[in-house]
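A closer look at the structure
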Amino acid sequence: MPKVLAINAGSSSLKFQLFSMPEETVIAKGIVERIGFKDAIFSIHFGGEKAKNVLSIPDHKMAVELLLEKLRSLGIIGSYNEIEGIGHRVVHGGETFSDSVLITDEVIRQIEDLADLAPLHNRANVTGIKAFKEILPDVPAVAVFDTAFHQTMPESSFLYSLPYEYYKNYRIRKYGFHGTSHKYVSLRAAELLGRPIEQLRLISCHLGNGSSICAIQGGKSIDTSMGFTPLEGIPMGTRSGNVDPAIIPYIMEKTGQTAEEVIEVLNKKSGLLALSGFSSDLRDIEEEAEKGNPRAELALEVFANSIHKYIGSYAARMNGVDAIIFTAGIGENSSVVRSRVLRGLEFMGVYWDPELNKTRGKEAFINYPFSPVKVLVIPTNEELMIARDVIRLTK
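Residues numbered from 1 in each chain as written. Predicted model: local features only at pLDDT ≥ 70, side-chain atom pairs only at ≥ 80, totals over all residues. Heavy atoms only, no water.

Under an unreviewed UniProt entry, the name given to the chain is Acetate kinase, and the organism recorded is Caldibacillus debilis. Within the UniProt record for the chain, the comment given under Subunit (unreviewed entry) is "Homodimer." Recorded in UniProt under Catalytic activity (unreviewed entry), the annotation for the chain is "acetate + ATP = acetyl phosphate + ADP". (UniProt positions renumbered as here; feature names shortened; annotations may be inferred.)

1. A word on the state of the cysteines
Applying the stated criterion across every chain, the model contains zero disulfides. Not engaged in a disulfide, the cysteine Cys 205 finds its nearest cysteine sulfur in Cys 214; these two sulfurs lie 9.8 Å apart. Look at Cys 214 and you get buried, because its relative accessible area is 0%. (Disulfide = S-S within 2.5 Å. Buried < 20%, exposed > 50% of the residue type's maximum accessible area, 1.4 Å probe, protein only.)

2. Let's talk about the UniProt feature "active site" (unreviewed entry) in the chain
In the numbering used here, UniProt assigns the feature "active site" (unreviewed entry) to Asp 146. Within the secondary structure, Asp 146 is located in the loop between β8 (141–145) and α4 (155–158). The class for Asp 146 is buried, based on a relative accessible area of 2%. Filtering out sequence-adjacent residues up to four positions away, Asp 146 remains in contact with Arg 89, Val 90, Val 91, Gly 176, Phe 177, His 178, Gly 179 and Thr 180. Polar side-chain contacts of Asp 146 include one of 2.6 Å to the side chain of Arg 89. (Helix = DSSP H or I, 4+ residues; strand = E, 2+ residues; numbered from the N terminus. Contact = heavy atoms within 4.5 Å. Polar contact = N/O pair within 3.5 Å; in protein donor to acceptor, adjacent residues only side chain to side chain.)

3. A closer look at the packing of aromatic side chains
Under the definition given, this model contains nine aromatic pairs. Taken together, a centroid distance of 6.1 Å and an interplanar angle of 45° make the contact between Tyr 166 and Tyr 170 tilted. Residue Tyr 166 and its partner Tyr 170 are both found in helix α5 (residues 164–170); the two are separated by four residues, about one turn of the helix. Tyr 170 sits in the exposed class, given a relative accessible area of 51%. Between the aromatic rings of Tyr 351 and Phe 370, the centroid separation amounts to 5.6 Å while the plane-to-plane angle is 50°, which identifies the pairing as tilted. Highlighted residues: Tyr 351 in the loop between α13 (335–342) and β13 (364–365) and Phe 370 in the loop between β13 and β14 (374–377), separated in sequence by 19 residues. Residue class for Phe 370 comes out exposed when judged on its relative accessible area of 57%. Sitting over the ring of Phe 158, Arg 173 keeps its end group 3.7 Å from the ring centre. (Phe/Tyr/Trp six-rings, centres within 6.5 Å; stacked < 30°, edge-to-face > 60°. Lys NZ or Arg CZ within 6 Å of the ring centre and 35° of its normal.)

4. Quick look at the environment of Ile 76
Its location among the elements puts Ile 76 in the loop between α1 (60–73) and β6 (83–90). Remark: the alpha-carbon pair of Ile 76 and Phe 46, spanning 30 residues in sequence, is separated by 7.7 Å. Those residues in contact with Ile 76 that lie beyond four places of it in its chain are Lys 3, Leu 18, Ile 27, Ala 28, Ile 44, Phe 46 and Leu 71.

5. Section: the sheet that holds strand β12 (residues 323–327)
Taken together, the six strands give an open sheet; going across it, the order is β11-β10-β9-β12-β14-β13, and neighbouring strands pair in mixed fashion. The strands lining the two open edges of the sheet, one partner per strand, are β11 (220–224) and β13. (Pairing = 2+ DSSP bridges.)

6. Concerning helix α14 (residues 382–394)
Between its first and last C-alpha atoms α14 spans 18 Å; for 13 residues at 1.5 Å apiece the expected length is 18 Å, and the two agree. Inspection of α14 places Leu 384, Met 385, Ile 386, Ala 387, Asp 389, Val 390 and Ile 391 among the buried residues, and these make up the whole buried set. (Expected span 1.5 Å × (residues − 1).)

7. Comments concerning the nonpolar core
By size, the foremost hydrophobic cluster in this structure holds 43 residues, and its most contacted members are Leu 5, Leu 14, Leu 71, Ile 86, Ile 111 and Phe 132. The leading source of residues in this core is α1, at six residues. Setting aside residues no more than four positions away along its own chain, Leu 14 makes contact with Ile 7, Asn 8, Ala 9, Gly 30, Ile 31, Val 32, Ile 35, Ala 63, Val 64, Leu 67 and Phe 132. (Core = buried A, V, L, I, M, F, W, Y, C linked by side-chain atoms within 4.5 Å.)

8. Regarding the side chain of Asn 8
Looking at where Asn 8 falls in the secondary structure, it is placed in strand β1 (residues 3–9). Excluding anything up to four places from it in sequence, Asn 8 contacts Ser 13, Leu 14, Lys 15 and Arg 89.

9. Looking at the UniProt feature "binding site: Mg(2+)" (unreviewed entry) in the chain
Within this structure's numbering, the places UniProt gives as "binding site: Mg(2+)" (unreviewed entry) are Asn 8 and Glu 382. Spanning 375 residues, the named residues nonetheless gather at one spot, since no C-alpha pair among them exceeds 10.1 Å. Inspection of the secondary structure puts Glu 382 in helix α14. A relative accessible area of 23% means that Glu 382 is categorised as partly exposed. Each residue touching Glu 382, except ones within four places of it in the same chain, is listed here: Thr 180 and Ser 181.

10. With respect to the sheet that holds strand β7 (residues 101–102)
Strand order in this open sheet of eight strands is β5-β4-β3-β2-β1-β6-β8-β7, and the pairing throughout is mixed. Strands with a single pairing partner mark the edges of an open sheet, and in this sheet they are β5 (49–55) and β7. Direction of pairing for β6 relative to β8: parallel, over a ladder of five bridges. Note that in β8 the partner of Gly 87 across the bridge is Val 142. Lying over the sheet, helix α3 (residues 119–135) contacts β1, β2 (14–20) and β6, oriented at roughly 165° with respect to β6. (Axes fitted to C-alpha atoms, helices over the stretch in contact; angles between N-to-C directions.)

11. Points about the domain arrangement of the chain
What the domain assignment lists for the chain is domain 1 (3–145) and domain 2 (195–382). For domain 1 versus domain 2, the distance between C-alpha centres works out to 30 Å. (Domains from an automatic or database assignment.)

12. Side note on the packing of helix α2 (residues 105–113) against α3
Any two packed helices are characterised by the angle at which their axes cross and by the distance between the axes. In the contact formed by α2 and α3, the axes pass within 9 Å of each other and the chain directions differ by 160°. Taken together, α2 and α3 sit at an angle that is classed as roughly antiparallel. Relative to α3, α2 is oriented so that their crossing is left-handed. Contact with α2, carried on its side by Asp 105, Ile 108, Ile 111 and Glu 112, involves Asn 122, Val 126, Ile 129, Lys 130 and Lys 133 of α3 and no other residues of that element. (Parallel < 35°, antiparallel > 145°, perpendicular 65-115°, else oblique. Left-handed = near helix turned anticlockwise from the far one by under 90°.)

Right, here's the structure in full:
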């Protein structure tokens, strides 16, 4: 059976999963961390076994060489020829890519051209693509874009009320992110509901350290909470989410910080961290809220209220909703957040069961059977979506 690698390359990391397709079985998975350092860490899990090495890995090319050699030396593959496709996660596809695509030299150039929209991510993604291309030049590779799923949004959703030439000249618009995750859980929801996705109105809540909400009508994204960057939308671990843009020059005036420094604060020192005053990790915040910490309670309420408002907005946008989906680390595991988000939605047909809501990390319906609007917990699987696209496009 074909073996497919799903790759997520960061600036100093390389995550991977090796799938057997079309069974969609994970053969091995792991990560190379601290690339560029003498104490880089290589970790791999396979067949109930795991291995870990600390060694010098100066660049992504060596990380790829190490990964492939480990797959062979550990007996996970007999030879590199068994790998029939490689899928690369790419953060930003702009308006250029509305679907995954086979990687060519021209595609690499286009991804690099979009780097000004996601400078940290796209350049790292290209580094991973080039490293594999150099070592396995004859293996077909596919780019899977976080933004592609949202390219179905209409202008009324993706345009900001700014001078139109900013959009035409500088590509300023809402792009949205987490598209691979939203697409996976929406397709899986349709399977679990036993209905064609073309007939469904879904609201997908991808809640983790980075979070976004997506309105999905007929299998297509029609609106999403993240915007030009992943900073827009609901509060996140360290990101502010939506704020009045006039706050930025006001902070600059009061603190003497530059615009770049203020954006750094909005990205890395805001969100749940700022609201709670002690942590960006929701587990810590829930624990403190149980002890009566008022700042922890405030952080939970602001976070949940923001999601709650998006759900109401998107239900109105689609003239109703058939199912609400919770996914990603918080969405899959936090009954506290789900209960606070869902509380008060009975007016629109959402009736959820507190006992069923105790589920963690597995697929489940958490609504009462009579609820017109179903509520599902679905663990996301972006790597599997990448592997599926490799098979779809290489065949």
